[in-house]
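Structure assessment
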Amino acid sequence: MSVAYFEQKKEMRGMVFNGKGRMELQELPIPQCGPSQLQIKVQTCGICRTDLHIVTGELDRPNLPLIPGHQIVGKVTEVGSETSGFQIGDSVGVPWLGYTCGVCKYCKSGQENLCDEARFTGYHINGGFAEYTVADYRFCFHIPETFSPVYAAPLLCAGLIGYRAYSMIRSAEAIGLYGFGSAAHIVIQVARWEGKRVFAFVRPGDDKTREFAKKMGAVWADYTDEYPPEEMDASIIFAPAGELVPSALAAVAKGGTVVCGGIYMSDIPSFAYDLIWGERSIKTVANLTREDGEAFFKIAPLVPVQCEVTTFTLEQANEALIALKQGSFNGSGVIVVDQ
């Protein structure tokens, strides 16, 4: 049997996606806690381009009907009988990675992010655009006390995926960031803390974001069709635009690496071999591991990472995704479900 905190109401509000391009606010049964799960009263849930790609159909085969949202922060209201390490009332975070098989060659080699049986929060598993959710306790994180629910939410995906991408090029001294949104504005804080020089690339004409990147400490910030004043050692592309890959390759020095940091990207156009010659390389980031989360949540309070946040109500979840697509805010967007 699970242990519940108090007698709860039977229904909750949630934003449900049925594959029709928009989410609908519905009254739903509160999800029941399984033996290895935590029931969580959602306080906040960050919005992500992955949510946008799901709702717009660019990421197909979601488990419908679906409650999106995979940057969840909340309080534990019930613990399953087979859980450990969590208690009722704990502040927890739920990330994109929601389940792995634990027995395949990837799981056994420390690459659980590549597990063929992996299931993802807000894609295969109902997520955090609702008043309650349940999650496998093995894939939840304790949230450091220094972070409030609003400012912790972006750390669960933008922070974790950004940190994994950054870890792939950690030896670089001069780093380019293409697409200066939620992940980039967190990564730049870690990189600067470690003494790196960061060059920011934003959409042509987006002067607001260019100035934001400078404010966050970029030594140079300009449009994606421009080149920085020096060759970079490595770059991370957070924008889902495949056409940026040849440009990024052209801007890194020999031996440099370009990391594609998104789960979705448009097609990469063909390019001349000399762009990749000189032992330049392209890498991709696929999801995250729990080890990434443990490492990042140790570093984040030391920096300390401070997110620029724009908040929305649960009812505004569709409008929040539109604002994200249009680049209407700097930093991260967060759905505030419960104050």
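In case you missed it, the structure is sitting above this.
Residues numbered from 1 in each chain as written. Predicted model: local features only at pLDDT ≥ 70, side-chain atom pairs only at ≥ 80, totals over all residues. Heavy atoms only, no water.

Regarding the overall build of the protein
Formally: Secondary structure counts use DSSP, requiring at least four H or I residues in a row for a helix and at least two E residues in a row for a strand, with both numbered from the N terminus. Our radius of gyration looks at C-alpha atoms and nothing else; its globule reference is 2.2 Å times the residue count to the power 0.38. Contacts between residues were defined by any pair of non-hydrogen atoms, one from each residue, lying within 4.5 Å. Exposure was quantified through the Shrake-Rupley algorithm and a 1.4 Å probe, taking into account, for residues, occlusion by the shown protein chains and nothing else. When charges are tallied, Lys and Arg are placed among the positive residues and Asp and Glu among the negative ones, while His and the ends of the chain are skipped. Charged side chains are reduced to one point each, which is NZ for Lys, CZ for Arg, CG for Asp and CD for Glu.
Assigned secondary structure in the protein consists of nine helices and 18 strands. Computed over the C-alpha atoms, the radius of gyration of the protein is 20 Å, within 12% of the 20 Å expected from 2.2 N^0.38 for a compact globule of 339 residues. Taking the principal axes of its C-alpha atoms as reference, the protein extends roughly 65 × 40 × 35 Å. Counting contacts in the protein only where the partners sit at least 6 residues apart, residues at least 24 apart contribute 70% of the total. As displayed, the protein offers around 14800 Å² of accessible surface, 49% of which is attributable to carbon and sulfur atoms. The centroid of the 29 positive side-chain charges in the protein is displaced by 1 Å from the centroid of its 38 negative side-chain charges.

So, helix H4 (residues 158-167)
In an α-helix, one full turn covers 3.6 residues, which means residues spaced three or four apart are oriented alike. What counts here: Residue burial is assigned from relative accessible area. The probe radius is 1.4 Å, only protein chains are included, and a residue is buried under 20% of its type maximum, exposed over 50%, and partly exposed in between.
Along H4, nine of the ten residues are buried, which leaves the element largely enclosed by surrounding structure. Turning to H4, the residues buried within the fold contact strand E10 (141-142), strand E11 (174-178), helix H5 (182-193), strand E14 (232-237), strand E15 (252-260) and helix H8 (290-299).

A look at the packing of aromatic side chains
Two measures describe an aromatic ring pair: the distance that separates the ring centres and the angle between the ring planes. The condition that has to hold: Side-chain rings of Phe, Tyr and Trp, where Trp is taken by its six-membered ring, are said to pair if the distance between their centres is within 6.5 Å; with planes under 30 degrees apart they count as stacked, over 60 as edge-to-face, and otherwise as tilted. Two thresholds decide whether a charge sits over a ring: the Lys NZ or Arg CZ must be within 6 Å of the ring centre and within 35 degrees of the ring normal.
Scanning all chains against the criterion turns up ten aromatic pairs. On the numbers, 4.0 Å between centres and 5° between planes, the contact of Tyr178 with Phe201 is stacked. A residue pair is termed long-range when its members are at least 10 positions apart, and Tyr178 in strand E11 and Phe201 in strand E12 (residues 197-202) qualify at 23 residues. Note on Tyr178: relative accessible area 1%, which makes it buried. Taken together, the ring pairs in this structure connect Phe141, Tyr163, Phe296 and Phe297 into an aromatic cluster. Its guanidinium or amino end placed over the ring of Phe139, Arg290 lies 4.0 Å from that ring's centre, counting from NZ or CZ.

Things to note about the sheet that holds E15
We apply this condition: Strands were regarded as paired on the criterion that DSSP finds at least two bridges between them. A fitted line through C-alpha atoms represents every axis, and for helices the fit uses only the stretch in contact; the resulting angles, taken between N-to-C directions, go from 0 to 180 degrees.
Strands sit in the order E13-E12-E11-E14-E15-E16 across an open sheet of six strands; the sheet is parallel. Edge positions in the sheet fall to strand E13 (220-223) and strand E16 (281-284), since each of these pairs with one other strand and no more. Between one strand axis and the next, the sheet turns by 20° as a mean value, whatever way the strands run. Looking at chain direction, E11 and E14 are connected through four bridges and run parallel. When the sheet's bridge partners are listed, Tyr178 is paired in E14 with Ile237.

Re the side chain of Thr100
Here Thr100 shows up in the loop between strand E7 (97-99) and helix H2 (105-108). The class of Thr100 is buried, set by a relative accessible area of 6%. Not counting the four nearest positions on each side in its chain, Thr100 is found in contact with Cys107, Glu112, Cys115, Ala118, Phe139 and Arg290.

Looking at helix H9 (residues 317-326)
For H9, every residue scored as buried is listed here: Ala317, Asn318, Ala320, Leu321, Ala323 and Leu324. Each element contacted by the buried residues of H9 is listed here: strand E2 (11-17), strand E3 (23-29), helix H1 (49-55), strand E17 (309-313) and strand E18 (332-336).

Some remarks on the environment of Ile88
With respect to the helices and strands, the residue Ile88 is situated in the loop between strand E5 (72-79) and strand E6 (91-94). You can call Ile88 partly exposed: its relative accessible area is 26%. Residues Ile88 and Glu78, spaced ten residues apart in sequence, show a C-alpha to C-alpha distance of 6.0 Å.

Overview of the pattern of salt bridges
Heads up, the condition is: One side-chain nitrogen of Lys or Arg within 4 Å of one carboxyl oxygen of Asp or Glu is enough to make a salt bridge.
All chains considered together, the criterion is met by 13 salt bridges. Of the charged contacts, one joins Arg13 and Glu131 as a salt bridge, the two residues approaching to 3.2 Å between their closest N and O atoms. Of this pair, Arg13 sits in strand E2 while Glu131 sits in the loop between strand E8 (119-120) and strand E9 (132-136), and the two are 118 residues apart along the sequence. Judged by relative accessible area, Arg13 falls into the partly exposed class, the value being 21%. Via salt bridges that share partners, Arg13, Glu131 and Glu315 belong to a single interconnected network.

Digging into the nonpolar core
Rules: Residues belong to a common nonpolar core when they are buried Ala, Val, Leu, Ile, Met, Phe, Trp, Tyr or Cys residues joined through side-chain atoms within 4.5 Å.
Formed by 100 residues in total, the largest nonpolar core has its most connected members in Leu38, Ile47, Phe129, Leu177, Phe180 and Ile335. For this core, the element with the most residues is H5, which contributes seven residues. In this structure Phe180 touches His185, Ile188, Ala200, Phe201, Val202, Thr209, Phe212, Ala213 and Met216, once residues within four positions along its chain are discounted. Trp220, Ala241, Val258 and Cys260 belong to the second-largest nonpolar core, a separate cluster that totals 17 residues.

The values are spatial; any link to function lies outside them.
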